[in-house]
Amino acid sequence: MRNESRLDEWLDRILCADALEVLPQLPSDSVDLVLTDPPYFLDKLDNEWTPERAARRFYKSQAVFHLPPGMKFDPAQGRRMYEWYLEISCELYRVLKPGGFFFSFASPRLYHRMVCAIEDAGFHLRDCFLWLYTQNQPKAMSLHHFIERMDVDAETKRILHARLSSWETPQVKSCYEPIAVAQKPYEGTFLENFLKHGVGLFNTAVRIGLNMFPANVLIVEGVEAALDKYFLVPKPTTGERGAFNLHPTAKPLALCEYLIQLSTMEGAVVLDPFAGSGTTALAARNLKRHFIGIEINPEYVAIAQQRLQSATLPLF
Ligand SMILES: C[S@@+](CC[C@H](N)C(=O)[O-])C[C@H]1O[C@@H](n2cnc3c(N)ncnc32)[C@H](O)[C@@H]1O
């Protein structure tokens with residue numbers, strides 16, 4: 001039997017636990033917004049890669065891995081992500097208020113699995129926001145070493161090197177992250193739901209760029225005047241992560257603040273079941289919302305707590 005608790009027991013805390021252990025304990029229909037950036041299930045895919053090794057590394061260390069050079073695909077990876085995220089999404093569906101939004105960052109490669117899981121849990125998919133950036137390391141790998149290892153004479157290798165000098169593994173520089181925008185079905189009309197639960201609409205007074213209507217494309221670094229005009233949210237402040245923050249995938253605070261302001265009112269409860277270094281929690285606190293953070297790695301919990309304790313950052 002489900003052992004539900006009172007919501008105020010969980011507020012404004014970062015819990016060190018597996019999300020799947022904590023979520024079933026949260027009360028139903030209680031959370032205003034879920035904003036999260038889950039592990040992407042993109043494990044190290046080099047020549048040593050096997051599904052067994054990937055599973056061991058993921059569950060033991062709970063670290064987030066990136067695609068290194070040289071991709072070896074296993075379709076089971078996407079299916080595992082789907083099954084796991086379906087379980088997570090079913091719990092999130094239960095704890096969200098009717099009409100509540102669920103923003104979920106994703107990777108371009110496994111976005112399709114993520115949104116199917118979210119939809120199959122009962123959510124309505126309303127949009128796909130894009131976070132665009134220009135700075136990222138290209139991960140394509142040259143064929144040099146593979147040619148060197150071939151059992152052919154030196155002249156053949158020389159010809160192959162010359163012929164294939166610009167041909168690399170199929171990875172261009174990755175410059176965006178999709179953000180799934182889902183909504184728990186609302187009760188009655190949008191208005192009736194909003195009056196009863198305080199969620200389900202977007203606040204169009206929130207502006208981006210040069211005082212522009214909210215858009216589904218977001219950039220956090222100045223790129224070019226026309227793009228900045230429509231899509232720029234405030235740039236990350238210097239030192240906003242904190243020098244102590246070693247989390248490899250900390251999100252920009254302004255991005256989280258934009259999504260929270262767009263979809264909630266002051267006093268709302270924002271849940272991040274994969275809190276990492278606590279960016280969602282910090283953004284919620286800056287905007288006078290409550291937060292509930294869950295993070296499995298104790299080192300990241302400590303970082304999140306240190307960020308939350310440090311001096312109040314400038315408001316959005
Ligand atoms: C992509 S990171 C989140 C980064 C975060 N948005 C930030 O700005 O720092 C995903 C986090 O989920 C955590 N995680 C992985 N599996 C988890 C689980 N089952 N329950 C809770 N947290 C988990 C990882 O340790 C990692 O810190």
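Residues numbered from 1 in each chain as written. Predicted model: local features only at pLDDT ≥ 70, side-chain atom pairs only at ≥ 80, totals over all residues. Heavy atoms only, no water.

*Asks:* Can you lay out the sheet that holds strand 6 (residues 217-219) for me, pointing to particular residues and giving the numbers?
*Replies:* Ordered in space as 1-8-7-2-3-5-4-6, the eight strands form an open sheet in which the pairing is mixed. Here the strands that pair on one side only, and so sit at the sheet edges, are strand 1 (13-16) and strand 6. Looking at each pair of strands side by side, their axes are set apart by 20° on average, direction ignored. Direction of pairing for strand 4 (residues 124-132) relative to strand 6: parallel, over a ladder of three bridges. Bridged to L132 within strand 6 is I219. Where helix 9 (residues 253-263) meets the sheet, its contacts fall on strand 2 (31-36), strand 3 (96-105), strand 4, strand 5 (176-183), strand 6 and strand 7 (269-272), and the angle it forms with strand 2 comes to roughly 155°. Across the sheet, helix 10 (residues 279-286) is in contact with strand 1, strand 2, strand 7 and strand 8 (290-295); its angle to strand 8 comes to roughly 170°. (Pairing = 2+ DSSP bridges. Helix = DSSP H or I, 4+ residues; strand = E, 2+ residues; numbered from the N terminus. Axes fitted to C-alpha atoms, helices over the stretch in contact; angles between N-to-C directions. Contact = heavy atoms within 4.5 Å.)

*Asks:* Got a sec to walk through the nonpolar core? Specific residues and values, please.
*Replies:* Among the nonpolar cores identified, the biggest contains 37 residues, and Y85, F102 and L271 are the most heavily contacted of them. Among the elements that take part in this core, helix 3 (residues 75-95) stands out by supplying seven residues, more than any other. Residues within four places of L271 in sequence aside, it is in contact with L23, L26, V31, L33, V34, L35, L92, V95, I292 and I294. With 36 residues, the next largest nonpolar core counts W131, Y258, F291 and V301 among its residues. (Core = buried A, V, L, I, M, F, W, Y, C linked by side-chain atoms within 4.5 Å. Buried < 20%, exposed > 50% of the residue type's maximum accessible area, 1.4 Å probe, protein only.)

*Asks:* Which residues make up the site of the ligand, and what are the values?
*Replies:* The full set close to the ligand counts 22 residues, and H247, K251, S277, T279 and E295 are the nearest of them. S277 places a polar side-chain atom, nitrogen or oxygen, 2.6 Å from an oxygen atom of the ligand. Summarising the interface, the protein chains cover 98% of the accessible area of the ligand, which totals 600 Å² for the free molecule. A per-class count over the shell around the ligand returns 11 nonpolar, seven polar and four charged. (Near = heavy atom within 4 Å. Polar contact = N/O pair within 3.5 Å; in protein donor to acceptor, adjacent residues only side chain to side chain. Areas by Shrake-Rupley, 256 points an atom, 1.4 Å probe, with all protein chains shown as cover. Nonpolar A, V, L, I, M, F, W, Y, C, P; charged D, E, K, R; others polar.)

*Asks:* Explain the pattern of salt bridges to me, using residue names and the numbers behind them.
*Replies:* Counted under the stated rule, the structure contains eight salt bridges. The residue R6 makes a salt bridge to D8 at a minimum N-O spacing of 2.6 Å. Counted as one network, the salt bridges with shared partners bring together D37, E177 and K251. (Salt bridge = Lys/Arg side-chain N within 4 Å of Asp/Glu carboxyl O.)

*Asks:* With reference to specific residues and values, describe the packing of helix 3 against helix 4 (residues 111-120).
*Replies:* It is at 8 Å that the axes of helix 3 and helix 4 come closest, and there the two elements cross at 35°. Judged by the twist between their axes, the crossing of helix 3 over helix 4 is right-handed. Within the contact between the two elements, helix 3 uses G78, R79, M81, Y82, Y85, L86 and S89 and helix 4 uses R113, M114, C116, A117, I118 and D120. Grouping the amino acids of the contact of helix 3 with helix 4 by side-chain chemistry returns eight nonpolar, two polar and three charged. (Left-handed = near helix turned anticlockwise from the far one by under 90°.)

*Asks:* Could you give an account of helix 10, with specific residues and numbers?
*Replies:* Residues three or four positions apart in an α-helix share a direction because the helix packs 3.6 residues into each turn. Buried residues dominate helix 10, accounting for seven of its eight residues. What helix 10 keeps buried is the set T279, T280, A281, L282, A283, A284 and N286. Its buried side turned inward, helix 10 meets strand 1, strand 2, helix 9, strand 7, strand 8 and helix 11 (298-309).

*Asks:* I'd like a rundown of the packing of aromatic side chains, residues and numbers included.
*Replies:* Under the counting rule described, the total for this entry stands at 13 aromatic pairs. Summarising the aromatic geometry, the rings of W84 and Y85 are spaced 5.8 Å apart at their centres and angled 40° between planes, so their arrangement reads as tilted. Judged on exposure class, the residue W84 and its partner Y85 are both buried. Note on F105 and W131: the rings are 6.4 Å apart at their centroids and 90° apart in plane angle, and the pair reads as edge-to-face. Here the residue F105 occupies a position in strand 3, and W131 occupies one in strand 4, the gap between them amounting to 26 residues. Here the aromatic cluster, defined as three or more aromatic residues joined through ring pairs, consists of W84, Y85, Y93, F102, F123 and F274. Across from the ring centre of Y93, 5.0 Å away, lies the NZ or CZ of K184, which sits over that ring. Sitting over the face of the ring of F105, K251 holds its NZ or CZ atom 5.2 Å from the ring centroid. (Phe/Tyr/Trp six-rings, centres within 6.5 Å; stacked < 30°, edge-to-face > 60°. Lys NZ or Arg CZ within 6 Å of the ring centre and 35° of its normal.)

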